[in-house]
Amino acid sequence: MAPHWDQSEAVLAVGDRIAPSGYAWIFPWGRHRVRAGVGIIHPDSRANPDDFLDRFIASYDGLRGAQPVEHHSGLIPSEQFAKTFTGNGIVGVGDAAGHASSLVGEGIRWAIEAGRMAGDAAADALDRGDVSRAALLAFEKQWRKKFGADLRLAYRINQRIARWDDRKWDERLEIVKLLTPFQFAEALKSNFTGGWLWRFLASNPHALAHAARLKTS
Ligand SMILES: Cc1cc2nc3c(=O)[nH]c(=O)nc-3n(C[C@H](O)[C@H](O)[C@H](O)COP(=O)(O)OP(=O)(O)OC[C@H]3O[C@@H](n4cnc5c(N)ncnc54)[C@H](O)[C@@H]3O)c2cc1C
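Residues numbered from 1 in each chain as written. Predicted model: local features only at pLDDT ≥ 70, side-chain atom pairs only at ≥ 80, totals over all residues. Heavy atoms only, no water.

1. Let's talk about the site of the ligand
Next, step 1: All residues in the neighbourhood of the ligand are listed as G74, L75, I76, G94, D95, G105, E106, G107, I108 and A111.
Next, step 2: Contact distances for the ligand include 3.0 Å between an oxygen atom and a backbone N or O atom of G107.
Next, step 3: Contact with the protein chains covers 37% of the free accessible surface of the ligand, which is 1000 Å².
Next, step 4: Classifying every residue of the shell around the ligand by side-chain character gives four nonpolar, four polar and two charged. (Near = heavy atom within 4 Å. Polar contact = N/O pair within 3.5 Å; in protein donor to acceptor, adjacent residues only side chain to side chain. Areas by Shrake-Rupley, 256 points an atom, 1.4 Å probe, with all protein chains shown as cover. Nonpolar A, V, L, I, M, F, W, Y, C, P; charged D, E, K, R; others polar.)

2. Here's the deal with the sheet that holds strand β3 (residues 33–40)
Next, step 1: If you walk across this open sheet you meet the three strands as β1-β2-β3, and the pairing is antiparallel. At either margin of the open sheet sits one strand with a lone partner, and together these are β1 (11–15) and β3. The average angle at which neighbouring strand axes cross in this sheet is 15°, direction not considered.
Next, step 2: Of the strand pairs in this sheet, β1 and strand β2 (residues 19–30) are connected by four bridges, and their pairing is antiparallel. Following the sheet pairing, A13 is matched in β2 by A24. (Pairing = 2+ DSSP bridges. Helix = DSSP H or I, 4+ residues; strand = E, 2+ residues; numbered from the N terminus. Axes fitted to C-alpha atoms, helices over the stretch in contact; angles between N-to-C directions.)

3. Quick notes on the environment of E9
Next, step 1: Note that E9 resides in the segment before β1.
Next, step 2: A C-alpha to C-alpha distance of 19 Å links E9 and L53, two positions 44 residues apart in sequence.
Next, step 3: Apart from residues no more than four positions distant in its own chain, E9 is found in contact with I26 and P28. (Contact = heavy atoms within 4.5 Å.)

4. Some remarks on helix α4 (residues 166–176)
Next, step 1: Buried within α4 are the following residues: W169, R172 and I175. For α4, the buried positions fall inside an angular range of 100° around the axis, keeping them on one side. Looking at α4, the residues exposed on the side facing more than 90 degrees away from the buried face are R167 and D170. (Buried < 20%, exposed > 50% of the residue type's maximum accessible area, 1.4 Å probe, protein only. Arc of directions from axis to C-beta.)

5. Let's talk about a nonpolar patch on the surface
Next, step 1: Residues L12, F27 and F184 make up a contiguous nonpolar surface patch of roughly 240 Å² in combined accessible area.
Next, step 2: Position of F184 relative to the elements: it lies in helix α5 (residues 181–188). (Patch = residues over 30% accessible without salt bridge, like charges linked within 9 Å, V, L, I, M, F, W, Y side chains within 5 Å. Salt bridge = Lys/Arg side-chain N within 4 Å of Asp/Glu carboxyl O.)

6. Quick look at the side chain of N204
Next, step 1: In this structure, N204 sits in the loop between α6 (196–203) and α7 (205–216).
Next, step 2: Looking at N204, the relative accessible area reads 17%, which means it is buried.
Next, step 3: A polar atom in the side chain of N204 sits 2.9 Å from the backbone oxygen of F200.

7. Description of the packing of helix α2 (residues 108–128) against helix α3 (residues 133–161)
Angle between the axes and distance between the axes are the two parameters that describe a pair of packed helices.
Next, step 1: Direction vectors running N to C along α2 and α3 enclose 160°, while the axes themselves pass 8 Å from each other. Looking at the two axes, α2 sits roughly antiparallel to α3. Pair α2 / α3 crosses with right-handed handedness. On the side of α2, the interface is formed by W110, E113, A114, M117, A118, A121, A122, A125 and R128, while α3 contributes A135, L136, F139, Q142, W143, K146, F147 and L151.
Next, step 2: For the contact of α2 with α3, a count of residues per class yields 13 nonpolar, one polar and three charged. (Parallel < 35°, antiparallel > 145°, perpendicular 65-115°, else oblique. Left-handed = near helix turned anticlockwise from the far one by under 90°.)

8. Quick look at the domain arrangement of the protein chain
Next, step 1: Per the domain assignment, the segments of the protein chain are domain 1 (11–63), domain 2 (86–160) and domain 3 (164–216).
Next, step 2: Computed from C-alpha coordinates alone, the two centres of domain 1 and domain 2 are separated by 29 Å. (Domains from an automatic or database assignment.)

9. Structural notes on the pairing of β2
Next, step 1: Turn length for the β1-β2 hairpin, with the two strands adjacent in sequence and antiparallel, is three residues.
Next, step 2: Looking at chain direction, β2 and β3 are connected through eight bridges and run antiparallel. By the bridge assignment for β3, G22 is matched with I40.
Next, step 3: Hairpin remark: β2 followed by β3, antiparallel, with two residues in the connecting loop; positive phi at R31, about 45°.

10. A few points about the pattern of salt bridges
When their charged atoms lie close together, side chains carrying opposite charge are able to pair.
Next, step 1: Under the counting rule described, the total for this entry stands at seven salt bridges.
Next, step 2: Of the charged contacts, one joins R144 and E140 as a salt bridge, the two residues approaching to 3.1 Å between their closest N and O atoms. In this pair, R144 and E140 both sit in helix α3, four residues apart, roughly one turn of the helix.
Next, step 3: The exposure class of E140 is buried, given its relative accessible area of 5%.
Next, step 4: One salt bridge in this structure joins E174 and K177, with 3.0 Å as the shortest N-O distance.
Next, step 5: Three or more residues are tied together by salt bridges with common partners; here these are R167, E171 and R172.

Okay, structure coming up:
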């Protein structure tokens, strides 16, 4: 419970003292509650997120008087999606196939999308009486076409930003500030192929130069 938190406010925080090679968050959760957490990419850092959580929470005045309701911890693969995730009579979806966005560790929506797509492909394969890898490969191709480019880019960006120190974050945040709220939300969702990114880069040459370095590194 976080009685004083403004439920229209979300926080994403970065920095060596907050979450080395990662980030911390506070998201409103309704009914005077928030979800607060710290995520750290291993092995880029060996730090334990729990060692940072209490200090992070204590640093926000809006969380004064907050009481813990639940505590969750776990792992999420911070890797590019699997080279292949179909076999004879089997398909992989969600975290097991590396379908989450490694940019912010968002995996629920991606797992649901992949699960739906895989379910349709499995039903088709069963109708046709052929559940071989060749038959199920249609799912993998469809998934790659729809999500592959976005998640590949999310992974590359994450690889880069996980190595940024505080000075670099301060520098790069100047570019992030150029994004509109819509563009920032699209970036957080790892939706890079919707056309907005090219329009943003075309009108911000400084950001374009950074993007070019990302592509060639
Ligand atoms: C602390 C934390 C916070 C997160 N916050 C968010 C968030 O805010 N938003 C978001 O989008 N994502 C978040 N994620 C990531 C998200 O939880 C995962 O990406 C998502 O749950 C993946 O779904 P999944 O179905 O692939 O795997 P899971 O949700 O892990 O489901 C796999 C299931 O399989 C079961 N299982 C495993 N092995 C076996 C076995 N041998 N036999 C039978 N069952 C088995 C497991 O018990 C589990 O229930 C978070 C992850 C963590 C760890």
